[in-house]
Amino acid sequence: MSNEPEHNKEAASIAAEPTMEEQPELEQRSAAALSVATQEAENPETPSRLLQFLFSISVRYKIAGTLIVILSLAVISLGVVTFTQQNAILRQEMKSRAETLVNQLANVGKEGLLTKQELPVYSTITDIRQREDVVYAMVMDDKGEVFAHSDLTKKGALLAGSADLAALRANSLLFQETIAGNDPVLDTTIPIMLKTKNLKIGVARIGISQKALNKAIRRQQSVYLGMALGFVVGGLLISFALARLITKPLDSLAAGIQVVARGDLRRLVPVSSSDEIGKLTNVFNQMILSLREKLLMEKYLSQPTVQSIKEHRDMTQLKLGGERKYVTALFSDARGFTSLSEKMSPEDVVRLMNVYLNLQAKVIHQFGGTIDKFVGDEVMAIFEGRGNEINAVRAAVEIQSYCKALNAARSAAGEKVISIGIGLNNGEVVMGNMGSEDHMDYTVIGDNINIAARMCGIAQPGMVLVSRAIAEAIGDQASLKDLHPVMVKGKDQPIGIAEVVSVKGGARQYMRKATDAPAVYSLAGFPDEAFTAMVKNISPTGCLLVVGSPVGIGSKVNVNFSLLELENITIRATVYHARKQDAAYYVGLCFEDMQENVHHRIVQWIHQVNSEIAEGLML
């Protein structure tokens, strides 16, 4: 439409305008539409609310409710049909009995009316009255006068009630429901005819009480209601049990999904059935296993490799080759490791090396670097982009500080130690997929990488060597000691190097470890008033506590830790910062007067490596 000529738009606009005759009608329609819309907005439709309510009900209650409704409808339908049929049968039996009795009375009443002898008629009435359910019996002539009646006082009376008149007019068997003495009665009437002359000479009437019938009907109703209630209660229990049986695997599956949503892939959902829900659970477990495989495989790949795969999920974009990038390369290598390993078992060598490799990896990641690869006792790390030289230097200095503290603690315990030399260089390199068509690695190559490796080779234990390019990039952010230029393999001219003495900001002396260990603390001078707390992280010099009540900065406290493998440790500390978050208080403590053996134990505990890879299966 945006490409139409302007005159076409104008013509369309003019054609769309209503005429003068159409405007009042359009205004009325608009007002009506607005009124309807307003009513719909103010009064939402009940069906939509009902649907929203039904959709919000738990599946368990939906299943149970559906089964109960179906069972109730079935019980009600069956009960109504059965009750109606039984009621009809009882009423038909009463009518048949009444018809038999009234025919008997009519036969005797015919002779009595013709002979004017009422004694035989009364005798028959007396016999009929012997039945408990017979309320009255009578014979009336064609004028409505009582010829014989079970109640002698009504002899010769002229009955004129509506039922009496209807009985007098009856030309065939007639059933009427009436009231006699406050009791419901089935009045049965049959005309007394002279067949030869087809002449009606009177009527015979019998009233049978319906109390017994109504009592039987009420008894049936009570039995039916009791059975219906029993069926509903039983159906309710069965429905909820069945719904629970169906939804319990769904609850387990939902719980498993919540666990996975939190990033925990260590647990599978138990399969309790082989139906569709069981198949769904199996598929979900297979998904967890696939995610486990993915995460475990990522542990064997460098971070750049994993990132490259994520960025090139389309296999057509994944190919051999690379691109130029500016990086800072960090190489670290254990000094004297070969001779040390000759005196240790292979298992001890692996355990020892993992402690120091884990230390370096944590620091490198903390400062934004990525581990390109581990080569035996050597670490190769990359910091991408200009300006990250200072982060690489800080990481190197912090690694050496942590190693120094760890070595002191291990030496005090009589354990083997490792010293590390680190070299850094920066510049442009080629980063990409290197290798063959069947096996490749995402890594970096180039002369600047080789220089960093050579510098690591000449670094002494505990030393951090940087190239002249690194020194120029970091400027006065670090204190450097210039060294004599050195010749490195592959270079015709010596290269300038410097040793990092110290760095400004960001280099700690001791590593911290995150934890959720419980602790108990008391204010100095009030040892009997102990409070519970949670340790969020800890180092040999201090920790961060989460407490339930405020503690002032500068307060002296005694803290009792219950750290795994450290047993109970009580340390005196000073509060040096505090802040409130939600309903908790985060308190930073600085340890004081710590015993040397406790200090070393905390250092070693902080640097422990969890050998269970499954513990790391968190997204």
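Report follows, based on the coordinates. None of these values were measured; they are calculated from a predicted model. (Residues numbered from 1 in each chain as written. Predicted model: local features only at pLDDT ≥ 70, side-chain atom pairs only at ≥ 80, totals over all residues. Heavy atoms only, no water.)

## Describing the packing of helix H11 (residues 346-366) against helix H12 (residues 389-412)
Step number 1: At a closest axis distance of 9 Å, the pairing of H11 and H12 adopts a crossing angle of 150°. The two elements H11 and H12 meet at a crossing, and its hand is right-handed. Of the residues in H12, those touching H11 at Leu352, Val355, Tyr356, Leu359, Gln360, Val363, Ile364 and Gln366 are Ala395, Glu398, Ile399, Tyr402, Cys403, Leu406, Asn407 and Arg410.
Step number 2: Looking at the contact of H11 with H12, its residues break down into 11 nonpolar, 3 polar and 2 charged. (Axes fitted to C-alpha atoms, helices over the stretch in contact; angles between N-to-C directions. Helix = DSSP H or I, 4+ residues; strand = E, 2+ residues; numbered from the N terminus. Left-handed = near helix turned anticlockwise from the far one by under 90°. Contact = heavy atoms within 4.5 Å. Nonpolar A, V, L, I, M, F, W, Y, C, P; charged D, E, K, R; others polar.)

## A few points about empty space enclosed by the protein
Step number 1: Applying the stated criterion across every chain, the model contains 2 cavities of 30 Å³ or more.
Step number 2: Taken as a whole, the largest cavity holds about 40 Å³ of empty space.
Step number 3: Around the largest cavity, the lining residues are Tyr521, Leu545, Val547, Val551, Val557, Val575, Val587 and Leu589.
Step number 4: Every element with two or more residues in the lining of the largest cavity is listed here: strand E16 (542-547) and strand E19 (584-592).
Step number 5: Taken together, the residues of the lining of the largest cavity break down into 8 nonpolar, no polar and no charged.
Step number 6: In this structure, the second largest cavity occupies an estimated 30 Å³ of space. (1 Å grid on protein atoms, 1.4 Å probe; cavity = no way out; pocket = protein on both sides within 12 Å on 5 of 7 lines; lining within 4 Å. Points joined across faces, edges and corners; volume = space filled by probe spheres on them.)

## Some points on the packing of aromatic side chains
The description of two aromatic rings rests on the distance between their centres and on the angle between their planes.
Step number 1: Applying the stated criterion to the full structure yields 2 aromatic pairs.
Step number 2: Pairing Phe561 with Phe591 gives two aromatic rings, centres 5.8 Å apart and planes at 75°, and the pair type is edge-to-face. You can see Phe561 sitting in strand E17 (residues 556-563) and its partner Phe591 sitting in strand E19, a full 30 residues away along the chain.
Step number 3: With a relative accessible area of 1%, Phe561 lands in the buried category.
Step number 4: Take Phe591: its relative accessible area is 10%, and that puts it in the buried class.
Step number 5: Over the aromatic face of Trp605 sits the side chain of Lys513, whose NZ or CZ is 4.4 Å from the ring centroid. (Phe/Tyr/Trp six-rings, centres within 6.5 Å; stacked < 30°, edge-to-face > 60°. Buried < 20%, exposed > 50% of the residue type's maximum accessible area, 1.4 Å probe, protein only. Lys NZ or Arg CZ within 6 Å of the ring centre and 35° of its normal.)

## Quick look at the packing of H12 against helix H15 (residues 596-606)
Two quantities define a packed helix pair, namely the angle between the axes and the distance from one axis to the other.
Step number 1: Axis separation between H12 and H15 bottoms out at 9 Å; the angle between their running directions is 115°. For the element pair H12 and H15, the recorded crossing hand is left-handed. Contacts between H12 and H15 involve Ala405, Leu406, Ala408, Ala409, Arg410 and Ala412 from the former and His600, Val603 and Gln604 from the latter.
Step number 2: Looking at the contact of H12 with H15 residue by residue, the class counts come to 6 nonpolar, 2 polar and 1 charged.

## Focus on the sheet that holds strand E4 (residues 183-194)
Step number 1: Taken in spatial order, the 5 strands line up as E2-E1-E5-E4-E3 in an open sheet, and their pairing is antiparallel. The outermost strands of the open sheet, each flanked by one partner alone, are strand E2 (146-149) and strand E3 (174-180). Averaged over all pairs of adjacent strands, the angle between their axes in this sheet comes to 25°, without regard to strand direction.
Step number 2: Strand direction decides the pairing type here: strand E1 (residues 134-141) and E2, joined by 3 bridges, are antiparallel. (Pairing = 2+ DSSP bridges.)

As far as function goes, none of this settles anything; it's purely spatial.
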